[in-house]
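# Overview (structure and organization)
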Amino acid sequence: MKLKEIIQKTHLEEVYCNDKEVKITNGYTGDLLSDVMGNAPDNSVWVTIQSHVNIIAVASIRDIKAIILCNNLEFDKETIAKARENNISLLSSKYNGFQTIFNLFNAGFEISDR
Amino acid sequence: MFSNSLDELINKLRKYFSYIVVSEIMNQNVFKMKKDRTMWQAKELMRIRKISGVPIVDDSNILIGLVSIEDIIVALENKTIKDKIESHMTKKVVTLSPKENLESVIRKFERYPYGRFPVVTEEKELVGIVTKKDVLRSILERFRMIYVHDERRTKTLERFIEIQEKSLITGEYVKKGHADFAFLINYTDVDMAGMGAAKLKSFLSKKIGDDKLARRISITAYEAEVNVVIHSSSEGFIYCWINEDVIRVRIEDHGKGIENVELALKEGYTTAPDHIRELGFGAGMGLPNMRRYSDKMVVMSEAGKGVVVEMIFYRNGEE
């Protein structure tokens, strides 16, 4: 699913978007950085409640395309600045992690790799 | 109470140890900051590192001020905590010179109500910091050193040099000066953790043209780098050597070390404190991830002697 569609169909707020045409083929959820680092698939959207700047390092090393921050939390300023530098899109959700992923499913999101 | 008994002990010992100079007792790993950072960031550094003051330096490491807990309290009260450090730091700082003797250090601790003194050269360059604990530790170390047999000391030193220059996996000599990639890990800023690994990734992608391998290597480097920042309390280095069929990565620090390497290799085992875990670190998966993504790995450490992690990646291997 293209990032553009994800934003439109799942009630997400755009915080910083680099490339809305990018295809998201998989996803991962987790708040422990090393867990995400070790296990997230390529071209993922990452659903989390961590908002500080280190998530950008994880996303860029792991080739995660977009991060959805749940529970209406706000990204740190430095996180947004680093996201710009590293071409990672940032979205914010007013729902919790479970509901956010449920919304993605309802919008027709499919795991399309492997 | 701790402080009182410490004062008493220092008093008793001062005349025997007054020939000790500041450069011998100071802590050279200073948590410092630049003036363009914010008071909030200074507060975070103090909270995470459990320190009560941060020296502020300019680009050439010249001391220009200090942020103390008092400065932070004032900034919180006046709602200036998000401001740049420059306008709210203490500008008149009492300092020590590296050549000053212990007697004079103790007098300064008595005269001023401060818990720490930055150490600066004549040109005001920041080279260390001295707390009461450093004074006590240096005195205790003196006592212990008297008993160390010469021969034993030489042996230890020789072993140290061997570890420093030899590959832990293949036994070849590795020259750090000839590394294809080297990165100094800034352990004073948790926000910067991962910078070195990200740099290594883009460096490798360009150099070897294998994105998957570059990612695999930088994942391991990230974990090792985060460990240095969170656990070591010392500077560290990331080195990478590219050979025809193998890539070698080595991350080393001279900090606290790992007490039980076997335990640290277990998934889920962590010694990270709560305030670090809140940030999502300390999942107990650092070393396990390194083992998982490298082809060969050796960890060497001893409490108080730093950590060396060396990993090898075969260029034609599969993930």
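Residues numbered from 1 in each chain as written. Chains lettered and ligands numbered in written order. Predicted model: local features only at pLDDT ≥ 70, side-chain atom pairs only at ≥ 80, totals over all residues.

## Section: the overall build of chain A
A count of helical and extended segments in chain A gives five helices and five strands. Ordered by position in the sequence, the α and β elements of chain A form the string α-β-β-α-β-α-β-α-β-α. The burial tally for chain A puts 44% of its 114 residues in the buried class. By sequence separation, contacts in chain A at least 24 residues apart represent 49% of the contacts at least 6 residues apart. (Helix = DSSP H or I, 4+ residues; strand = E, 2+ residues; numbered from the N terminus. Buried ≥ 20, exposed ≤ 12 C-beta atoms within 10 Å, placed from the backbone. Contact = placed C-beta atoms within 7 Å.)

## Thoughts on the interface of chain B and chain A
Contact residues are listed per partner, giving 20 residues for chain B and 17 residues for chain A. The element that contributes the greatest number of residues to the side of chain B that touches chain A is helix 9 (residues 211–232) of chain B, accounting for five residues.

## Structural notes on the packing of helix 9 of chain B against helix 12 (residues 286–293) of chain B
Residue and element names in this part refer to chain B. The N-to-C vectors of helix 9 and helix 12 enclose an angle of 155°; their axes lie 9 Å apart at closest approach. As the angle between them shows, helix 9 and helix 12 are arranged roughly antiparallel. Relative to helix 12, the crossing made by helix 9 is left-handed. Listed contacts from helix 12 to Arg-216, Ile-219, Thr-220, Glu-223, Ala-224, Val-226 and Asn-227 of helix 9 are Gly-286, Asn-289, Met-290 and Tyr-293. Classifying every residue of the contact of helix 9 with helix 12 gives five nonpolar, four polar and two charged. (Axes fitted to C-alpha atoms, helices over the stretch in contact; angles between N-to-C directions. Parallel < 35°, antiparallel > 145°, perpendicular 65-115°, else oblique. Left-handed = near helix turned anticlockwise from the far one by under 90°. Nonpolar A, V, L, I, M, F, W, Y, C, P; charged D, E, K, R; others polar.)

## A word on the sheet that holds strand 8 (residues 246–253) of chain B
Residues and elements named next belong to chain B. In space, the five strands of this open sheet follow the order 6-7-8-10-9, with antiparallel pairing throughout. The sheet terminates laterally at strand 6 (181–185) and strand 9 (296–301), the two strands that pair on one side only. Geometrically, the sheet is characterised by an average inter-axis angle of 10° between neighbouring strands, direction not taken into account. Alignment of strand 8 against strand 10 (residues 307–314), held across eight bridges, turns out to be antiparallel. Bridge pairing in strand 10 links Val-249 to Met-311. Running over the sheet, helix 8 (residues 195–208) touches strand 6 and strand 7 (236–242) and is turned about 170° from strand 6. (Pairing = 2+ DSSP bridges.)

## Remarks on the nonpolar core
Within the largest apolar cluster, 74 residues are counted, with the highest numbers of intra-cluster contacts made by Trp46(A), Ile67(A), Ile68(A), Ala221(B) and Val309(B). With residues near it in sequence (within four places) discarded, Ala221(B) still touches Gly196(B), Ala197(B), Leu200(B), Ile238(B), Val249(B) and Ile251(B). Ala42(B), Val105(B), Phe117(B) and Ile129(B) belong to the second-largest nonpolar core, a separate cluster that totals 28 residues. (Core = buried A, V, L, I, M, F, W, Y, C linked by C-beta atoms within 7 Å.)

## Here we look at the environment of Cys70(A)
You can see Cys70(A) is positioned in the loop between strand 4 (64–69) and helix 4 (77–86). Here the alpha-carbon distance between Cys70(A) and Leu12(A), two residues 58 residues apart in the chain, equals 9.6 Å.

## Some points on unusual backbone geometry
For Asp63(A), which is not a glycine, the phi torsion comes out positive at approximately 60°. Looking at where Asp63(A) falls in the secondary structure, it is placed in the loop between helix 3 (54–62) and strand 4. Positive phi is not limited to glycine here, since Lys124(B) has a value of about 75°. Here Lys124(B) lies in the loop between strand 4 (116–120) and strand 5 (126–131).

## What to know about the packing of helix 3 of chain A against helix 4 of chain A
Residue and element names in this part refer to chain A. Interaxial distance between helix 3 and helix 4 falls to 8 Å at its minimum, and their mutual angle equals 20°. Taken together, the axis directions place helix 3 and helix 4 in an arrangement best described as roughly parallel. Note on packing geometry: the crossing formed by helix 3 with helix 4 is right-handed. Side by side, helix 3 and helix 4 meet where Ile-55, Ile-56 and Ser-60 of the first sit next to Thr-79, Lys-82, Ala-83 and Asn-86 of the second.

## A short note on the sheet that holds strand 3 (residues 63–68) of chain B
Residues and elements named next belong to chain B. Strand order in the open sheet formed by three strands is 1-2-3, and the pairing between neighbours is mixed. With one partner strand each, in any of the chains shown, strand 1 (33–34) and strand 3 form the two edges of the open sheet. By the bridge criterion, two bridges tie strand 1 to strand 2 (residues 53–57) in an arrangement that is parallel. From the neighbouring strand, Lys-34 faces strand 2, where its bridge partner is Val-57. Helix 3 (residues 39–49) contacts strand 1, strand 2 and strand 3 of the sheet and is inclined by roughly 130° relative to strand 2.

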